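Chain and residue survey
Read off the chains here:
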Amino acid sequence: MSERWQDEQLVVRGVTDARVLDAMRRVPREAFVPPASRAEAYADRALPIGSGQTISQPYMVAVMTEALRLVGSERVLDVGTGSGYQAAVLSVLARDVITIERRPELAESARATLAALGYTNITVIAGDGTLGSPEHAPFDAIVVGAGAPRIPDALKSQLSASGGRLVIPVGPPEHQMLHVVTRDGNAFTDTPGLGCVFVPLIG
């Protein structure tokens, strides 16, 4: 796939982190969409992946990933595995990725796809993402690929106390704002940013 899509969709809109751009270049997005959609895998929009879920628009994946400010040593929680694309991108940028999916059929499919592609630092869990994964906490970073009416306390509590970062869309189903929550001890800083629309976070 030509890298021109990155220039047209990501760089021109302000995505500048070279590690994020490299990760998205290395992960074959076409492997994470249904066969009938593979010609559109790099289109500038979300695509259906079955079970009423979508694979996020490449730009949104890049923005959310960049906001985590990963350097390579982190343990990351990915809420809403879907087809596994976000987890794959994160796995290139972090030490360990725990990804959780509410729908067992999607979790199993993502697990098979990620294994077939050779990703070895990703653990796929079927469960309620709003509860996080206490047994794997704390997390240096958490990213949520679904819109929540409010920020789940369980996810905030599972952030590392020394600068853990949570990126999550918050708001009503028709429109959310991307929030970045940073933890410093028992204090949390919540910074809203980009407008977005995600499938609802259920739980």
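Our subject in this report is the structure included herewith. Note that the structure is a prediction, hence the values are computed from the model and not measured. (Residues numbered from 1 in each chain as written. Predicted model: local features only at pLDDT ≥ 70, side-chain atom pairs only at ≥ 80, totals over all residues. Heavy atoms only, no water.)

Regarding the pattern of salt bridges
For the structure on display, the rule yields 10 salt bridges. Of the charged contacts in the structure, one is a salt bridge between Arg26 and Asp22, with a shortest N-O distance of 3.4 Å. Of this pair, Arg26 and Asp22 both sit in helix 2 (residues 18–26), four residues apart, which is roughly one turn of that helix. Judged by relative accessible area, which is 28%, Asp22 ranks as partly exposed. Across the pair Glu40 and Arg45 runs a salt bridge whose closest N-O atoms are separated by 2.2 Å. By relative accessible area, which is 33% here, Glu40 ends up partly exposed. Via salt bridges that share partners, Asp22, Arg25 and Arg26 belong to a single interconnected network. (Salt bridge = Lys/Arg side-chain N within 4 Å of Asp/Glu carboxyl O. Helix = DSSP H or I, 4+ residues; strand = E, 2+ residues; numbered from the N terminus. Buried < 20%, exposed > 50% of the residue type's maximum accessible area, 1.4 Å probe, protein only.)

Quick notes on the packing of aromatic side chains
One pass over the full model with this rule turns up two aromatic pairs. Here Trp5 and Tyr42 contribute two aromatic rings whose centre-to-centre distance is 5.1 Å and whose plane-to-plane angle is 55°, an arrangement assigned as tilted. Of this pair, Trp5 sits in helix 1 (residues 4–9) while Tyr42 sits in the loop between helix 2 and strand 1 (47–50), placing them 37 residues apart in sequence. The exposure classification of Trp5 matches that of Tyr42, with both residues buried. In this structure, Arg13 packs its charged tip against the face of Tyr59, placed 4.2 Å from the ring centre. A cation sits over an aromatic face here: Arg29 above Tyr85, 4.9 Å from the ring centre. (Phe/Tyr/Trp six-rings, centres within 6.5 Å; stacked < 30°, edge-to-face > 60°. Lys NZ or Arg CZ within 6 Å of the ring centre and 35° of its normal.)

Observations concerning the packing of helix 2 against helix 4 (residues 85–93)
Contact geometry for helix 2 and helix 4: axes closest at 9 Å, N-to-C directions at 125°. Compared by their axis directions, helix 2 and helix 4 come out oblique. Between helix 2 and helix 4 the crossing geometry is right-handed. Where helix 2 abuts helix 4, its residues Arg19, Val20, Ala23, Met24 and Arg26 lie against Tyr85, Val89, Val92 and Leu93. Its residues assigned to classes, the contact of helix 2 with helix 4 shows seven nonpolar, no polar and two charged. (Axes fitted to C-alpha atoms, helices over the stretch in contact; angles between N-to-C directions. Parallel < 35°, antiparallel > 145°, perpendicular 65-115°, else oblique. Left-handed = near helix turned anticlockwise from the far one by under 90°. Contact = heavy atoms within 4.5 Å. Nonpolar A, V, L, I, M, F, W, Y, C, P; charged D, E, K, R; others polar.)

What to know about the side chain of Gln9
For Gln9, the position within the fold is in helix 1. On the basis of relative accessibility, which here comes to 8%, the residue Gln9 falls in the buried class. Polar contacts involving the side chain of Gln9 include one to the main-chain carbonyl oxygen of Tyr42, which spans 2.6 Å. (Polar contact = N/O pair within 3.5 Å; in protein donor to acceptor, adjacent residues only side chain to side chain.)

Some remarks on the sheet that holds strand 3 (residues 75–79)
In space, the seven strands of this open sheet follow the order 5-4-3-6-7-8-9, with mixed pairing throughout. Each of the sheet's edge strands pairs with one partner strand only, and the pair in question is strand 5 (122–126) and strand 9 (187–196). Shown here is a sheet whose adjacent strand axes are inclined to one another by a mean of 15°, direction ignored. In terms of strand pairing, strand 7 (residues 162–170) meets strand 8 (residues 176–184) through seven bridges, oriented antiparallel. Paired with Val167 across the strands is Val180, a residue of strand 8. Seen against the sheet, helix 3 (residues 58–68) touches strand 6 (141–144), strand 7, strand 8 and strand 9 and runs at an angle of roughly 155° to strand 7. (Pairing = 2+ DSSP bridges.)

Considerations on the nonpolar core
If you look at the biggest cluster of nonpolar residues, it comprises 46 residues, and the most contacted ones within it are Leu10, Met24, Phe32, Leu70, Tyr85, Val89 and Val167. Contributions of two or more residues to this core are made by helix 2, strand 1, helix 3, helix 4, helix 5 (104–116), strand 5, strand 6 and strand 8. No other element matches the eight residues that helix 3 contributes to this core. The next biggest cluster of nonpolar side chains, apart from the first, holds 19 residues, and it includes Ile100, Leu155, Ile168 and Val170. (Core = buried A, V, L, I, M, F, W, Y, C linked by side-chain atoms within 4.5 Å.)

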